[in-house]
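Here are the chains, one letter per residue:
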Amino acid sequence: MTLRERFNPENLIAAACEQVGSDDFGDDGWQPGLERVADGLVNDARLSPIGVEVAHLDLMRALKNRLGVIAWRKQHPEIADKPITAPIFIVGQPRTGTTILHDLLAQDPELRAPLTWEVDEPCPVPQPETYHSDPRIAQAQASIDMSEQIVPGFLAFHPMGALLAQECVRITGSEFTSMIYTVQYRLPSYYRWLLYEADHSGAYRYHRIFLQHLQSGIPGQWLLKSPAHLWQLDKLLAEYPDALIVQTHRDPLNVISSIAALTNHLRRMGSDETNIAECAAQSYEEITVGLDRGMAMRDQGVVPDGRVIDVQFADFVKDPWTTIKDIYASLGRELKPEAEQKMREFLAANPGDGGRGRYTWSDTGLDAGEVRERVRAYQERYNVPTEELR
């Protein structure tokens, strides 16, 4: 089978329907995204033989999960009647502490984060009695461990685990309107479509469907995270009008060099032809568009200031507990001793290493003066300190 046949959308859809035993994908509107991702994987991604297999598995998982969630919802229509109430979304540029903040807050028993294993294999619905022993946990962990074997150092860049919280881009991957594809694969046409043309409303509708699916087994107040929300805060709030938003802030230059290095590392899993400078050019465009868009939405009142809690990365690194207590106070929540103890234990077991020289500005090929001027308005708006370039 040729590469084009392997990633032919009709072939992918037919295979997914056969394996799941259903052909109902729910709402229409996701097909153009699949077509664009598939075309990019054939023509732009420069996939290695392993990359072909990984990318094929990614698309098949996204299709099969969507089919399974919709099928379960049809069998249990009461799921659709249960609201998603006051979800908390951690947003902000990538590499600004969103992952560790998400993991720490997820230690609170009163908050419900989507875990990697249940996002990767959501059917059947997770159940309380097997939530930490389900066989799917070992399967998800084995997949993560395999990624580390293919590209050693992957988990140092971006810690992951079957029982750790997962990002929303993994969920919206089943709408095929998701940044997860533009980080993992070289998809220049797709990322520009995603950034400037795509309507993300369907992705947030599916996101709600997915959360309703998971909470029908394990309920709770949702704690969610993805830097990708920064680009689409209007669509997020249109779907979740009572959402609470925590936005992290950091010097965009070190963000760009860090995300470029991570993107390059991730793409090595599927391609032997990737370089940091190309990744940095994409990151520069995406980051600056996202920051501008976020400021404009708040200026226009689309995102009310009272709905957003701003967190400085520098403050969080220096004193995470004060930052977390301030977040809880702003949310009107009590940080109970049990939750704080669990958070402290998690941080002690996962201290991080501060980047350890994994990225440097010189690798990006970008002009620091030009980029600094481009992000000046953002830094001044939120009093974001300028960091020494790595």
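On a predicted model such as this, the values are computed, not experimentally measured, just so you know.

Visitor: Please explain the sheet that holds strand β4 (residues 244–249) as it appears in this structure.
Guide: Where strands meet in a sheet, backbone hydrogen bonds hold them as pairs that are either parallel or antiparallel. Taken together, five strands build an open sheet; the order of strands is β2-β3-β1-β4-β5 and the sheet is parallel. Taken across any chain shown, the strands that pair with only one partner, and hence form the sheet edges, are β2 (111–112) and β5 (308–312). Pairing of strand β1 (residues 88–92) with β4 involves five bridges; the strand directions are parallel. The residue bridging Ile 88 from the neighbouring strand is Leu 244, located in β4. Sitting on the sheet, helix α12 (residues 201–215) is in contact with β1, β2 and β3 (221–225), with an inclination near 130° to β3. Relative to β5, helix α17 (residues 320–331) is tilted by about 170°, and along the sheet it contacts β1, β2, β4 and β5.

Visitor: Help me out: how do you make sense of the pattern of salt bridges in this one?
Guide: Proximity of charged atoms lets side chains of opposite charge pair with each other. For the coordinates displayed, the defined rule picks out 25 salt bridges. Residue Glu 53 is joined to Arg 6 by a salt bridge in which the shortest nitrogen-to-oxygen separation is 3.1 Å. With a gap of 47 residues between them, Glu 53 in helix α4 (residues 49–75) and Arg 6 in helix α1 (residues 3–6) connect regions that are remote in the sequence. Residue class for Glu 53 comes out partly exposed when judged on its relative accessible area of 40%. Note that Glu 278 and Arg 186 form a salt bridge whose closest N and O atoms lie 2.9 Å from each other.

Visitor: So what exactly am I meant to see when it comes to the nonpolar core here?
Guide: A general tendency of soluble globular proteins is for nonpolar side chains to be buried together. Core analysis: the biggest nonpolar cluster contains 74 residues, and Phe 7, Leu 41, Leu 59 and Tyr 181 have the highest contact counts within it. For this core, the element with the highest residue contribution is α4, accounting for nine residues. In this structure Leu 41 touches Leu 3, Phe 7, Leu 47, Ala 55, Leu 59, Tyr 185 and Leu 187, once residues within four positions along its chain are discounted. Residues Leu 101, Leu 164, Trp 321 and Tyr 328 belong to the second largest nonpolar core, which totals 21 residues.

Cut-offs and rules
Residue numbers restart at each chain and count upward from 1, following the sequence in its written direction. This being a predicted model, a pLDDT of at least 70 is required before a residue's local features are given, and a value of 80 or more before pairs of side-chain atoms are given or counted; all residues contribute to the totals for chains, interfaces and linings. The side-chain numbers reported here are obtained from all heavy atoms of the structure, hydrogens and water having been left aside. Here a strand pair is declared whenever DSSP counts at least two bridges between the two strands. Strands are runs of DSSP state E lasting at least 2 residues, helices are runs of H or I lasting at least 4, and numbering of each runs from the N terminus. Any two residues having at least one pair of non-hydrogen atoms within 4.5 Å are treated as being in contact. Think of each axis as a best-fit line through the C-alpha atoms, taken over the contacting stretch in the case of a helix, with angles from 0 to 180 degrees between the N-to-C directions. A carboxyl oxygen of Asp or Glu within 4 Å of a side-chain nitrogen of Lys or Arg is what we treat as a salt bridge. Each residue is placed in one exposure class: buried if its accessible area under a 1.4 Å probe, protein chains only, is under 20% of its type's maximum, exposed if it is over 50%, and partly exposed if it falls in between. The nonpolar core is taken to be a set of buried Ala, Val, Leu, Ile, Met, Phe, Trp, Tyr and Cys residues, with the residues joined through side-chain atoms within 4.5 Å.

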